[in-house]
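Topology and contacts: notes
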Amino acid sequence: MPNPKRRHSKQRTAKRRSHDFLTAPNSNVCPSCNERKLPHHACPKCGEYKGRAITTAKAEV
């Protein structure tokens, strides 16, 4: 088995591990339909944003 001749630097290791601890995006509850949605986005279920209908709701299959 080949072994590294020199050790890897701390910077190189940290760059490789930088994506290991990413967190999921936050989500809020829509006040009209109580579904989860991204903050500052229209609700994908009912299509409302700040109490106003912005988009048409998707039809459920």
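Residues numbered from 1 in each chain as written. Predicted model: local features only at pLDDT ≥ 70, side-chain atom pairs only at ≥ 80, totals over all residues. Heavy atoms only, no water.

So, on to the overall build of the protein chain. When helices and strands are tallied, the protein chain shows one helix and four strands. Along the chain direction, N to C, the helices and strands of the protein chain fall in the order α-β-β-β-β. Taken over C-alpha atoms, the radius of gyration comes to 22 Å for the protein chain, far larger than the 10 Å a tight globule of 61 residues would show. When its C-alpha atoms are laid out on the principal axes, the protein chain stretches across 65 × 25 × 15 Å. Per-residue burial for the protein chain yields a buried fraction of 8% across its 61 residues. Put simply, of all contacts in the protein chain between residues at least 6 apart along the chain, 0% involve residues at least 24 apart. Counting every atom, the protein chain has about 6,100 Å² of accessible surface; 54% of that belongs to carbon and sulfur. (Helix = DSSP H or I, 4+ residues; strand = E, 2+ residues; numbered from the N terminus. Rg over C-alpha atoms; globule rule 2.2 N^0.38 Å. Buried < 20%, exposed > 50% of the residue type's maximum accessible area, 1.4 Å probe, protein only. Contact = heavy atoms within 4.5 Å. Areas by Shrake-Rupley, 256 points an atom, 1.4 Å probe, with all protein chains shown as cover.)

The topology assignment puts Lys37 in strand S2 (residues 36–37). Buried within the structure, Lys37 lacks any salt-bridge partner; Glu48 is the closest side chain of opposite charge, at an N-O distance of 10 Å. Here the side chain of Lys37 touches His41 through a polar contact of 3.3 Å, landing on its backbone oxygen. (Lys, Arg positive; Asp, Glu negative; His and termini not counted. Salt bridge = Lys/Arg side-chain N within 4 Å of Asp/Glu carboxyl O. Polar contact = N/O pair within 3.5 Å; in protein donor to acceptor, adjacent residues only side chain to side chain.)

Looking now at the state of the cysteines. In the structure shown here, the tally under the stated rule is zero disulfides. Here Cys33 stays free of any disulfide, with the sulfur of Cys43 as its closest cysteine sulfur at 3.6 Å. For Cys33, a relative accessible area of 24% corresponds to the partly exposed category. Cys30 supplies the cysteine sulfur nearest to Cys46, a cysteine that is in no disulfide, at a spacing of 3.7 Å. (Disulfide = S-S within 2.5 Å.)

Along the polypeptide, Asn26 turns up in the loop between helix H1 (10–17) and strand S1 (28–29). Owing to a relative accessible area of 60%, Asn26 belongs among the exposed residues under this scheme. Between the alpha carbons of Asn26 and Arg36 there is a distance of 9.7 Å; along the sequence they are ten residues apart. With residues near it in sequence (within four places) discarded, Asn26 still touches Leu38 and Pro39.

Phi at Asn34 takes a positive value of approximately 60 degrees, unusual for a residue other than glycine. Residues other than glycine seldom take positive phi values, yet His40 does so here, at roughly 65 degrees. Relative to the assigned elements, His40 resides in the loop between S2 and strand S3 (48–49).

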